[in-house]
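Report on the structure
Here is what each chain is made of, one letter per residue.
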Amino acid sequence: MFNARMKPHGGIRPYSHKSLTREIAIRPLATPRRLIIPLRQHTGPAAVPIVAEGESVAAGQLIAEARERMSAPVHSALSGVVTSVTTGDQGCITIKVSDQQSPAPRLTAAEGLSETQTMLSLIEQAGIVGMGGAMFPAADKIRMSLRYPIETLIVNGGECEPYLTTDDRLMREQAEFIIGGIRYLQTITQARQVYIGIEDNKTEAIARLDELCRQEDHIEVVILPSLYPIGSAKQMIEAVTGRQIPQNRRSTEMGVLVQNVGTCIAIFHAIRFGKPVTHRVITVSGRAIEQPGNLLVPIGTPIKEIIGQCGGLKTQPARMVLGGPMMGRAVDDLDVPINKGTSGLLLLTGDELPQTKPSACLRCGRCLDACPMSLAPLSLFAELKNDGFAKAQQQGLNACLLCGSCAYVCPAALPLTQFFDWGQQQLRLLKRQEDKMERTRQNSANRQARLAKEAAAKAAALAAKPARRSRRAATTPEDPSC
Ligand code: SF4
Ligand code: SF4
C-alpha cells in the first residue's frame, strides 16, 4: 500500500454527503412487478430484441442481441412475460414479472477457444459494460487494449462523486470478488502490475483490500486524495502512476488499462459462474428520501418502485438525478428505469442544490485552477457563446470531461458545463455532416471516374470499329461477279 505518486491537475473538494449512506450495507430490492429494460445501455448502437410480446422469459435469459461493434447484449433480470417491445436507441422491452422465478442456463463459451478467448467470450456474452457510468462495452475495451502491451491495470475505486457509496460498499463487502476479477484480467492482459486506487475517505475499503492484497503478487492498494474527479480515468492514472496521458492519446496506448471495481465483480461472475449482468448496486440518497441506502436492483426497475421500497418521499424533491450530482442526469419521469451504468438515484431538496442566478464572468480564474484537463473554461464559454465552435475545438473542447468542476467553483454561476455539453454535441453533429458531405463528394468523384472510364471504353470501341471494318475490307477478296 502506498500514497498517490502525484496530485493530479485541478479538481475540487465538494461536500461529500456520503455519511447519509456510507455505513448502510447493500440490501436486495424486493422483486419489482415490472421491468422496463432499455436496449441501449452502452456506448454503441442499441441491441436488437429477440423476444416478442406475449413470450415468457427466464431470469438471466438473453432478450436482445448485440449485432454491431460497441454494442452489448441485454438479459432479463427476472422471469416474466414480455408485454411490449420497442426498437432503436430509445427502445426497451417491458416485462411483467412472474411470482415464480426460474433461472436461464449459465453462459458458456464455444469449444476449442483459447483460455483468453474463452474469458473474453464470456465477458462479451454477459453484456458487461463500464459499471462506473462510462458504459463502454468491457469486451471491446479489453480487446482494444490487447493491441498494445498492457503493463499496468488500474482498478478504479475512486468514487469521487458526492453522495455515492456504491463502490465503497462493494469494496467492503465483496472484496474477494474484486480480487477474483482482477486475476482474470491479469490473465487476459498479462499486466505485470495491478493497482487498486481508493480515495482516502474510504478507510474500511482500503483496509479490507490491503489485507487481501498482501496475499497477492503484484496487486497493491494506492491511497488517493479525496478530490473530485479523481475517479476519471486520466486523473486516476496520473495519481497512481505519476504519468500524464496526453489529450489525444488513449490510456491503453500508454500501456494502462483502467476498470471500475463493479466491472471487476461482473467479470468475475461472468467467467466463474457464467452469469450475465442483470442487477447492479445503486446508492439511493438525498434529503428528500425517507430511507437512504445501498440497494441491489434488477436492471430495468423503474425509479418509482425503488422510491416506494425506500420508505417513499419525505418531501417533494426539487431535483431527481440518476448518477451523481456532478455528472448525473436529471430526470422527471418516475418510470425511468435503472440501467447498467446507473450508480445512484438522488432525491435532492432545494437546500441541496446550488443557487443558480448567473451573472457576468468576473474573470477570477477559479475555473482555470479547478479544471482537471488544464482547459480554459472561461475562454471556451466565451467562444461557444459566439458560436465559435472551431476555436473552441482548437482550445480542447473535446477533451472536456463535463465533470462540472469549473461550474462548481464559478462565483458567477455560469452554466459552463451545459454549454460545453452542448458544444460537444454541436461538434459531433458538424463532424457527422462533414463525414456525410465527404462521403457524398467521394461517391460523386467515384461516379464521375466510372462514367469517364465507361465513356473512354465506348470511344475506344467506336474508334476500333472502322479500323476493323477497314481491316476486313482490306482482307476480303473481291467478288468476281462484280
Ligand atoms: S470561475 Fe466563472 S467568473 Fe471566474 S473566470 Fe471562470 S467563468 Fe469567469
Ligand atoms: S467541465 Fe470541462 S472545462 Fe469544466 S472543469 Fe471539467 S473538464 Fe474542465
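Conventions adopted
Residues numbered from 1 in each chain as written. Chains lettered and ligands numbered in written order. Predicted model: local features only at pLDDT ≥ 70, side-chain atom pairs only at ≥ 80, totals over all residues. Heavy atoms only, no water. Helix = DSSP H or I, 4+ residues; strand = E, 2+ residues; numbered from the N terminus. Buried < 20%, exposed > 50% of the residue type's maximum accessible area, 1.4 Å probe, protein only. Contact = heavy atoms within 4.5 Å. Areas by Shrake-Rupley, 256 points an atom, 1.4 Å probe, with all protein chains shown as cover. Lys, Arg positive; Asp, Glu negative; His and termini not counted. Charge placed at Lys NZ, Arg CZ, Asp CG, Glu CD. Pairing = 2+ DSSP bridges. Axes fitted to C-alpha atoms, helices over the stretch in contact; angles between N-to-C directions. Parallel < 35°, antiparallel > 145°, perpendicular 65-115°, else oblique. Left-handed = near helix turned anticlockwise from the far one by under 90°. Nonpolar A, V, L, I, M, F, W, Y, C, P; charged D, E, K, R; others polar. Near = heavy atom within 4 Å. UniProt positions renumbered as here; feature names shortened; annotations may be inferred.

**Quick notes on the overall build of the protein**
The helix and strand tally for the protein stands at 13 helices and 18 strands. If one aligns the C-alpha atoms of the protein with their principal axes, the spans along those axes are about 120 × 60 × 50 Å. When burial is assessed residue by residue, the protein has 51% of its 482 residues classed as buried. Taking all contacts inside the protein whose residues are at least 6 apart in sequence as the whole, residues at least 24 apart take part in 72%. Counting only carbon and sulfur atoms, one obtains 51% of the accessible surface of the protein, whose full area is about 23,600 Å². Both charge centroids of the protein, one from 56 positive and one from 45 negative side chains, sit 7 Å from each other.

**With respect to the sheet that holds strand β8 (residues 80-85)**
Spatially, the four strands line up as an open sheet ordered β3-β9-β8-β5, and their pairing is antiparallel. Each end of this open sheet is capped by a strand with a single partner; those strands are β3 (34-38) and β5 (56-57). Relative to strand β9 (residues 92-97), β8 is paired through five bridges, and the arrangement is antiparallel. From the neighbouring strand, Val 85 faces β9, where its bridge partner is Ile 93.

**A short note on the packing of helix α1 (residues 115-125) against helix α7 (residues 261-273)**
Running from N to C, α1 and α7 point in directions that differ by 115°, and their axes come no closer than 9 Å. In terms of their interaxial angle, α1 and α7 are classed as roughly perpendicular. Pair α1 / α7 crosses with right-handed handedness. For the pair α1 and α7, the contacting residues are Met 119, Leu 122 and Ile 123 in the first and Ile 267, Ala 270 and Ile 271 in the second. Counted by class, the contact of α1 with α7 contains six nonpolar, no polar and no charged residues.

**Section: the pairing of strand β15 (residues 293-298)**
Taken across its six residues, β15 has five buried, putting it largely inside the fold. Bridge analysis of strand β14 (residues 279-285) against β15 gives six bridges, and the strand direction is antiparallel. Looking at the pairing, Val 281 lines up with Leu 296 of β15.

**Overview of the site of ligand 2**
Around ligand 2 lies a shell formed by Cys 371, Pro 372, Met 373, Pro 377, Cys 400, Leu 401, Leu 402, Cys 403, Gly 404, Ser 405, Cys 406 and Phe 420. Split by residue class, the shell around ligand 2 holds ten nonpolar, two polar and no charged.

**A few points about the UniProt feature "binding site: [4Fe-4S] cluster 2" (unreviewed entry) in the protein**
In this structure's numbering, the residues bearing the UniProt feature "binding site: [4Fe-4S] cluster 2" (unreviewed entry) are Cys 371, Cys 400, Cys 403 and Cys 406. With the annotated positions falling across 36 residues, the maximum pairwise C-alpha distance of 10.6 Å places them together in a single cluster. On the secondary structure map, Cys 371 appears in the loop between α9 (366-370) and α10 (377-385). Setting aside its immediate chain neighbours within four residues, Cys 403 contacts Tyr 228, Pro 229, Met 326, Met 327 and Pro 372.

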